[in-house]
Amino acid sequence: MSFCDLPEVENTAFRHGASVFSPCGGQAFSLAVSVKDGVVYESQEEWGWAHFLEHMNLQKTDEHKSLLDITMSLEAAGGKIAAFTRRDDAVFSITAPSWALIEAFKIMRAVFSFYDFEETDVDAERNIIFQEFDREKSQVASYYVLASEGELLSPSKASRYGLGNPESLHRASAAALADYKRKVYNKKNTFLSLVGNFDYDRAIDLASDFFSVLPDGEPRKNSDFAKLPEYKKVIFFETPGTARQIQTVIGFRLDEKAERMKAMLFNTLVGVGFSSLFYRKLRVENKLTYSTAAILKAYPGMGTFRLVFAVDPENFSKAKALAFETLEDVAELRISERDFELAKRRLWGSVVMKLSALEEYGYFINRNLLVTGRERLLTDFRSELSAISIEELADFASSYMTEKNSVISLIASSESIHKAGFG
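Being a predicted model, the structure only gives us computed values, none of them experimental. (Residues numbered from 1 in each chain as written. Predicted model: local features only at pLDDT ≥ 70, side-chain atom pairs only at ≥ 80, totals over all residues. Heavy atoms only, no water.)

Undergrad: Would you mind going over the sheet that holds strand β1 (residues 14–16) in detail, with residue names and values included?
TA: Backbone-to-backbone hydrogen bonds pair the strands of a sheet. The strands run either parallel or antiparallel. Spatially, six strands are ordered β1-β2-β6-β3-β5-β4 in an open sheet, and the strand pairing comes out mixed. What marks the edges here is a single partner per strand, and that holds for β1 and β4 (80–85). Within the sheet, the average angular offset between the axes of one strand and its neighbour, ignoring direction, is 15°. The strands touched by helix α13 (residues 358–372) within the sheet are β1, β2 (19–23), β3 (28–35), β4, β5 (90–97) and β6 (190–196), with β6 carrying the most contacts at an inclination of about 145°. (Pairing = 2+ DSSP bridges. Helix = DSSP H or I, 4+ residues; strand = E, 2+ residues; numbered from the N terminus. Axes fitted to C-alpha atoms, helices over the stretch in contact; angles between N-to-C directions. Contact = heavy atoms within 4.5 Å.)

Undergrad: Hey, could you go over the packing of aromatic side chains for me, with residue numbers and the actual values?
TA: All told, the structure shown has 27 aromatic pairs when counted by the stated rule. Ring centres of Phe 112 and Phe 210 lie 5.2 Å apart, and the angle between their planes is 70°; this geometry places the pair in the edge-to-face category. Residue Phe 112 is located in helix α3 (residues 101–112), and its partner Phe 210 is located in helix α8 (residues 200–212); the two are separated by 98 residues in the primary sequence. Grouping residues by exposure puts Phe 112 and Phe 210 together as buried. For the ring pair Tyr 143 and Tyr 144, a centre distance of 5.3 Å and an interplane angle of 65° mean the geometry is edge-to-face. (Phe/Tyr/Trp six-rings, centres within 6.5 Å; stacked < 30°, edge-to-face > 60°. Buried < 20%, exposed > 50% of the residue type's maximum accessible area, 1.4 Å probe, protein only.)

Undergrad: Please provide a residue-by-residue account of the nonpolar core, values included.
TA: Counting residues in each nonpolar core, the largest one holds 120 residues, and the members touching the most others are Phe 112 and Phe 266. When neighbours within four sequence positions are excluded, Phe 112 is seen to be in contact with Val 33, Val 35, Phe 92, Lys 181, Tyr 185, Thr 190, Phe 210 and Leu 214. Core analysis: the next-biggest nonpolar cluster, separate from the first, contains eight residues, Val 145, Leu 152, Ile 235 and Ile 411 among them. (Core = buried A, V, L, I, M, F, W, Y, C linked by side-chain atoms within 4.5 Å.)

Undergrad: So what's going on with helix α12 (residues 337–354)? Which residues, and what values?
TA: For α12, spanning 18 residues, the distance from its first C-alpha to its last is 26 Å, which sits close to the expected 26 Å at 1.5 Å a residue. Listed as buried for α12 are Asp 339, Phe 340, Glu 341, Ala 343, Lys 344, Arg 346, Leu 347, Trp 348 and Val 351. Those residues of α12 hidden inside the fold are in contact with α9 (260–271), α10 (277–285), α14 (378–387) and α15 (390–400). (Expected span 1.5 Å × (residues − 1).)

Undergrad: Break down the sheet that holds strand β10 (residues 302–311) for me, with residues and values.
TA: Strand order in the open sheet made by the five strands is β7-β11-β8-β10-β9, with mixed pairing throughout. Two strands lie at the open edges of the sheet, namely β7 (233–238) and β9 (292–299), each paired on one side alone. On average, each strand axis in the sheet is tilted by 20° relative to the strand beside it, whichever way the strands run. The pairing of strand β8 (residues 246–254) with β10 spans nine bridges and is antiparallel. If you follow Gly 251 over to β10, its bridge partner there is Arg 306. Here helix α5 (residues 140–153) sits on the sheet and contacts β7, β8, β9, β10 and β11 (406–412); the angle it forms with β10, its principal contact strand, is near 140°. Packed on one face of the sheet, helix α11 (residues 316–331) meets β8, β10 and β11 and runs near 30° to β8.

This is the structure we're talking about:
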């Protein structure tokens with residue numbers, strides 16, 4: 001095997017309507033159901049309702065009196081239920097031993113078909129969400145790194161804070177959330193995946209029964225493609241206290257033409273791992289920072305890429321220059337073929353390792369179904385990655401990763417921002 005060959009990994013999947021089934025070894029399964037929801041799709045009046053509804057969906061069902069009842073029925077078998085909301089989807093998953101498959105589908109069906117929310121439960125959960133507000137905002141560095149992505153996506157709807165705002169959340173009554181659920185949680189917006197050890201014929205029947213309880217509805221579409229201004233700008237997030245270092249986020253907007261696989265390979269080459277170009281440049285060669293990070297996100301018709309690092313104020317200008325130099329190295333083909341091929345192998349290996357966890361594999365299958373509408377396999381991922389040339393990656397970098405298309409966010413005390421030469 002030559003250095004540039006990617007090792008083979010086999011997997012299979014079968015499409016059935018809005019469901020994908022991928023059998024694999026072991027004695028467990030992971031069932032995931034996602035809905036096109038989140039700030040990408042919400043109106044201003046509904047801002048934050050996707051996340052609010054995620055909370056309410058697990059409070060009770062016709063068969064379960066409480067969240068405790070729901071969880072106990074799974075945990076008794078060693079399983080678990082989880083849910084989360086992103087900017088463009090809400091995801092519910094159950095991972096459990098194979099013998100709990102019927103129970104898992106029963107719970108998922110009950111969750112998705114329940115609309116009789118009570119006002120007292122809504123009020124109580126609204127208070128929990130406000131606590132979530134406070135918890136996230138108290139984690140200053142991570143909160144403002146998230147806020148930096150909002151600046152990149154502005155002025156699109158996707159730029160809004162995912163938890164909503166007090167005004168829209170107070171409008172979310174029990175009846176309003178029930179109506180919202182009937183509108184959004186329908187056959188055309190809902191996607192199901194099942195991976196692991198299961199009986200295929202039984203799974204088909206259980207999935208068909210699940211979809212039978214959903215209304216027909218209309219598919220959600222996002223046509224809100226905002227354009228990032230073609231000029232450099234700097235955004236200041238002043239933090240309380242006298243922390244010396246400046247947390248820096250250099251962000252770039254990706255449009256609907258940016259190919260996801262090229263973005264993932266670029267992200268890996270530049271910012272993932274100790275062998276990444278950016279880590280080498282800032283940490284290994286210049287000793288300017290303790291660590292670096294790269295964050296890549298994709299949404300309908302848009303995406304973001306961010307480089308994150310913390311430096312002393314007097315080192316900010318040099319670190320910033322080295323960051324853009326790293327990006328220019330890729331765009332100008334000033335990288336070695338070996339580094340390029342190593343990034344391919346690093347990305348492929350990390351994906352295979354991550355998806356060795358059944359739950360993560362389920363999310364992978366489910367997300368691809370929602371985004372692409374097909375059963376995208378690991379083998380598809382491998383072939384798409386293998387096909388990218390170093391020249392194509394350079395074109396990607398020169399199209400999107402330029403200083404004029406960047407937004408720089410500085411997260412620091414006013415004293416540190418001043419020392420870095422700003423205002």
